[in-house]
Amino acid sequence: MYSLLPAFVSALFFGFGVYVLVAVGGTRVSTPFVAMCATTFVWQGTWAFLFQTTNPSVGNLLVKIGYFAILFLPTTFYHFLVEVVSARSERKFLVSSYGLSAVLAIILVVGREVVDGFSVHSFGYYPRAGLLHPIHVVQTVLLAGRSGWLILRAKRHAGASSSRRLLNLCLTSLGLYSIAASDYAVNYGFDFYPFGAVFVAVSLGILAVSIVRYGLMGPRLMLATVAHEVASPLATIGLHADELYRVLPELLRGYKLAVSYGLCADRLSMAAEPDRVPALASAIRRQVDSTSTVIEMSMASLTLGRLDKRSFGAHSVSGCIQSALHRFPFRSGERELVVVASIEPDIIFWGSDSLLIFVLINLLKNALQAIASVGKGNIEIEAYRASGFCVLRFSDTGPGIAPEVLPQIFDPFFSTKAYGRGAGVGLTFCRRVCDALGGSISCDSVLGARTTFTLRLPEPASGAVRAKHDLPPPRYGLG
């Protein structure tokens with residue numbers, strides 16, 4: 001749970017950084033922005049793993065990797081603002097700051113003077129400040145102050161109102177990013193969840209607006225690039241997690257044998273929980289799958305208005321159901337709650353298999369949350385043909401939906417879940433998809449007994465379907 005926020009922020013910064021680099025190349029404004037995105041990506045991405053690990057050796061390695069990026073982050077932000085206000089006279093200060101960051105990075109790698117290992121907190125491991133760590137803190141404060149002074153000075157000489165608005169956005173972003181420095185207190189032993197990532201994420205949005213003012217961002221290309229480029233590193237992380245899951249049990253078995261024969265001391269303290277480390281790799285895979293699906297679904301939602309129906313094809317309903325079940329990040333015991341009735345292979349619809357898979361994933365998520373809220377129930381999925389449509393029925397025997405709530409469930413931002421657990425956009429997305437495919441979705445519910453969603457999807461027109469054995473397998477992604 002604690003790693004979700006840094007993982008999300010990390011993915012956002014990676015996507016924006018890669019997009020700017022691909023779209024405009026290495027300009028004087030884009031280069032420091034990409035550097036800032038890269039350092040934040042490494043920092044937050046490393047913390048996402050650090051908050052999950054219980055292995056001290058892995059923890060020490062992650063601390064060094066993450067803090068290596070942190071040491072350069074304030075300078076990259078300062079560099080970006082220097083280029084925004086075109087302050088060429090700051091060049092010597094900029095070079096000096098990069099030099100100091102490099103020196104501290106070398107000391108970090110070879111010793112413990114910058115970061116002295118880690119402390120154990122309620123949310124997991126977190127770096128502990130070393131003797132030289134205050135130098136980095138002072139450097140950060142000085143750079144933030146210098147950056148603010150540069151912006152205020154530039155505002156006094158800014159003529160056009162658009163330039164002043166741009167500088168105001170940068171100043172606001174700097175202020176929010178400075179609040180994130182409160183996380184340094186955790187390095188000195190204060191036990192609170194480092195919430196700086198929240199302000200980093202908001203600051204990212206403001207900087208994105210600033211870059212739009214410079215003409216660096218095109219919304220459509222941005223969406224496509226973020227979807228593609230963020231998916232690639234997430235897939236790589238998932239593959240690494242799978243490899244760890246395969247090899248760790250054998251490594252742990254060898255470690256235990258070595259301990260039992262006195263070949264090494266037992267410093268990992270895992271005798272009571274031998275499955276904890278492989279379970280960590282499995283948890284990483286689940287989060288990667290979940291995040292990838294959310295990113296793809298978000299991109300699909302934003303592009304539904306420009307859906308090209310010429311890309312539609314004939315797809316197996318059964319294949320889409322199996323693909324959704326394969327992609328859904330089930331928790332332990334959840335997959336057994338889903339029962340799929342026997343579906344004839346010739347039940348096919350005309351549209352986008354990717355979008356239907358996303359709809360099914362949304363329905364699965366909602367149904368499992370409803371079942372969990374009452375501690376019992378199951379899910380049944382069936383499909384049949386009726387009057388030129390493929391009818392897909394998705395039922396759960398959870399708590400049901402109250403009659404006064406039922407008419408509103410497809411409304412945007414309507415949610416009955418507790419604050420922070422639902423934004424009220426999932427079922428709206430499902431309805432928009434079904435409308436875009438030329439079909440419909442409806443819901444019937446009996447309070448305390450059952451909820452059934454009925455999807456009606458158009459069948460292919462006569463002559464549009466090839467022989468059954470020629471139908472393509474379900475595709476993945478948005479392409």
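Residues numbered from 1 in each chain as written. Predicted model: local features only at pLDDT ≥ 70, side-chain atom pairs only at ≥ 80, totals over all residues. Heavy atoms only, no water.

The predicted model of the protein chain has a mean per-residue pLDDT of 79, with 74% of residues at 70 or higher. Note on residues 214-224: pLDDT under 50 across the span, and 23 contacts to partners over four residues away in sequence or across chains. Low pLDDT, under 50, characterises residues 466-479; the stretch is placed with 26 contacts to residues that sit more than four places away or in other chains. (pLDDT = per-residue confidence, 0-100. Contact = heavy atoms within 4.5 Å.)

For the rest of this paragraph, the subject is a nonpolar patch on the surface. Taken together, the side chains of Phe 68, Ile 106, Val 109 and Val 110 make up a nonpolar region of the molecular surface, amounting to roughly 410 Å² of accessible area. No other element matches the three residues that helix α4 (residues 91-110) contributes to the nonpolar patch. Here Ile 106 is to be found in helix α4. (Patch = residues over 30% accessible without salt bridge, like charges linked within 9 Å, V, L, I, M, F, W, Y side chains within 5 Å. Areas by Shrake-Rupley, 256 points an atom, 1.4 Å probe, with all protein chains shown as cover. Salt bridge = Lys/Arg side-chain N within 4 Å of Asp/Glu carboxyl O. Helix = DSSP H or I, 4+ residues; strand = E, 2+ residues; numbered from the N terminus.)

Attention shifts here to helix α13 (residues 426-436). Each turn of an α-helix holds 3.6 residues, which means side chains three or four residues apart point in the same direction. The element α13 is extensively covered by neighbouring structure, given that eight of its eleven residues are classed as buried. Residues Gly 426, Leu 427, Thr 428, Phe 429, Cys 430, Val 433, Cys 434 and Ala 436 constitute the buried set of α13. (Buried < 20%, exposed > 50% of the residue type's maximum accessible area, 1.4 Å probe, protein only.)

Right, let's get into the packing of aromatic side chains. The tally for this structure, following the rule as stated, stands at 14 aromatic pairs. Ring geometry for Phe 68 versus Phe 72: centroids 5.7 Å apart, planes at 45 degrees, classification tilted. With Phe 68 and Phe 72 both in helix α3 (residues 56-84) and four residues apart, this pair spans about one turn of that helix. An aromatic cluster of at least three residues, connected via ring pairs, comprises Trp 47, Phe 51, Phe 123, Tyr 126 and Tyr 193. For Arg 146, the ring lying beneath its charged end belongs to Phe 93, and the centroid distance is 4.5 Å. (Phe/Tyr/Trp six-rings, centres within 6.5 Å; stacked < 30°, edge-to-face > 60°. Lys NZ or Arg CZ within 6 Å of the ring centre and 35° of its normal.)

Before going further, it helps to examine empty space enclosed by the protein. Scanning all chains against the criterion turns up one cavity of 30 Å³ or more. When its volume is computed, the largest cavity comes out at roughly 50 Å³. Mapped by element, the contributors of at least two residues to the lining of the largest cavity are α1 (4-24), α2 (30-50) and α8 (196-213). With three residues, α2 is the largest single contributor of residues to the lining of the largest cavity. Its residues placed into classes, the lining of the largest cavity shows eight nonpolar, two polar and one charged. (1 Å grid on protein atoms, 1.4 Å probe; cavity = no way out; pocket = protein on both sides within 12 Å on 5 of 7 lines; lining within 4 Å. Points joined across faces, edges and corners; volume = space filled by probe spheres on them. Nonpolar A, V, L, I, M, F, W, Y, C, P; charged D, E, K, R; others polar.)

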